[in-house]
Amino acid sequence: MGADVCRNGRGRTPDEYPVLPNPQSSLEAMSMIAAVRQAGGTAFWAWTPKKNAAPITTHWAGTDANRLVVPANNVRCVLVGTIGEDPFFTQAMWARLKPCHEPLADSAVCESVMAAPPPPPADEATMPSMPPPPPPPPPLAVEAAKAHFVQSVIFPWTNLLCNPLELVEGDTQRKACRALLELAATPTRMGLKAEVIPLCEEDLFWHSCDGIDEADQDGFLNCRSAECADSSGLDFLTNACAEVDIQDEIDRMHNAVCGTTRPEPPAPPAAPPKPPRPPPPPSSPEFVALRNASTELASDSDCEAVTYRECADAARMLHAQTPEVSPFVEIVVNAMCTGNEDENLGV
């Protein structure tokens, strides 16, 4: 409503419309607040970034005495006004996020790029064309169907989750959150509209139960009318069901029915296992001779050094022929070794 008031206000040019205030510094914000206070106003709407991918910090002072931060994917509007039952008790005005359709402002502040009288009319051929008019509001039948659905379906579940006197915490709250998630993910017909999935809509749920922090206190307990249901089901379930730890289920359901994420490609196939190392080739038979220690003589010639692998292969071969022979090789050193240790061991 505040944007419509500014659009039809003074200072309109063929290329520009007056817009809601968007101060570029804290000094500009204070001057706008001072003008409203001097005129006797208590609240006005300000320009609000909506559906941005990243949070945006404004120059308005929030209720936590810091600059108001508009969260990512926000759909609510910035309201600057006094807080309390008596608006004239304090001169301070704070910025809050409120439902855009809630009648909370009694003043309007608009910015215009034109500070001088309009120029004389020029030739129509050289005069720039007027911008197209804003899109018409949704049909009343559509708005009425949405309001009826919010009041008859969403309101009872929201009241159950947000009213601690009617809901037992723990498993009961977890079951209620899952039931509402299942209901929101089911295609539903609203009046003359085609079937829609409530979980994928952006303005059928309240933002939270009672705010999420000191700077964002907008919620169901502060405004129960259907006009205040201006947020998505993902935002409400995330805020209202934070204590029961089902966020993974909420995200999976939202991604499945709303298609907000691109399916991940399948993982590449795993590398084939490395083949085992082939056994070393056996020694040639003409260079192998078997001796029995009990029949050896001192005059017998010494055996040449062999590798440990050749010795192990011979032990296994003897074990296959004579099971009494152990297939394992034992290295027994009875003398002090000198020189290269590998050569001494036959490696």
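Look up: the structure comes first, before these words.
Model, not experiment: these values are computed from the prediction.

Please provide a residue-by-residue account of the pattern of salt bridges, values included.
With the rule as written, the count across this model stands at 4 salt bridges. Between Lys-146 and Asp-203 there is a salt bridge, with its nearest N and O atoms 2.5 Å apart. On the criterion of sequence distance, the pair formed by Lys-146 in helix H3 (residues 140-162) and Asp-203 in the loop between helix H4 (171-184) and helix H5 (233-240) is long-range, its members being 57 residues apart. A residue is classified by how much of its surface remains accessible, and Lys-146, at 13% relative accessible area, is buried. Where Asp-313 meets Arg-316, a salt bridge forms, and the shortest distance between an N and an O atom there is 2.4 Å.

A description of the packing of H3 against H4 should follow, citing residues and the corresponding values.
In the contact formed by H3 and H4, the axes pass within 10 Å of each other and the chain directions differ by 160 degrees. Our classification of the angle between H3 and H4 gives roughly antiparallel. Crossing angle aside, the handedness with which H3 passes H4 is left-handed. Contacts between H3 and H4 pair Val-153, Trp-157, Leu-160 and Leu-161 from the former with Gln-173, Ala-176, Cys-177, Ala-179, Leu-180 and Leu-183 from the latter. Per-class residue counts for the contact of H3 with H4 are 9 nonpolar, 1 polar and no charged.

Cut-offs applied
- Residues numbered from 1 in each chain as written.
- Predicted model: local features only at pLDDT ≥ 70, side-chain atom pairs only at ≥ 80, totals over all residues.
- Heavy atoms only, no water.
- Salt bridge = Lys/Arg side-chain N within 4 Å of Asp/Glu carboxyl O.
- Helix = DSSP H or I, 4+ residues; strand = E, 2+ residues; numbered from the N terminus.
- Buried < 20%, exposed > 50% of the residue type's maximum accessible area, 1.4 Å probe, protein only.
- Axes fitted to C-alpha atoms, helices over the stretch in contact; angles between N-to-C directions.
- Parallel < 35°, antiparallel > 145°, perpendicular 65-115°, else oblique.
- Left-handed = near helix turned anticlockwise from the far one by under 90°.
- Contact = heavy atoms within 4.5 Å.
- Nonpolar A, V, L, I, M, F, W, Y, C, P; charged D, E, K, R; others polar.

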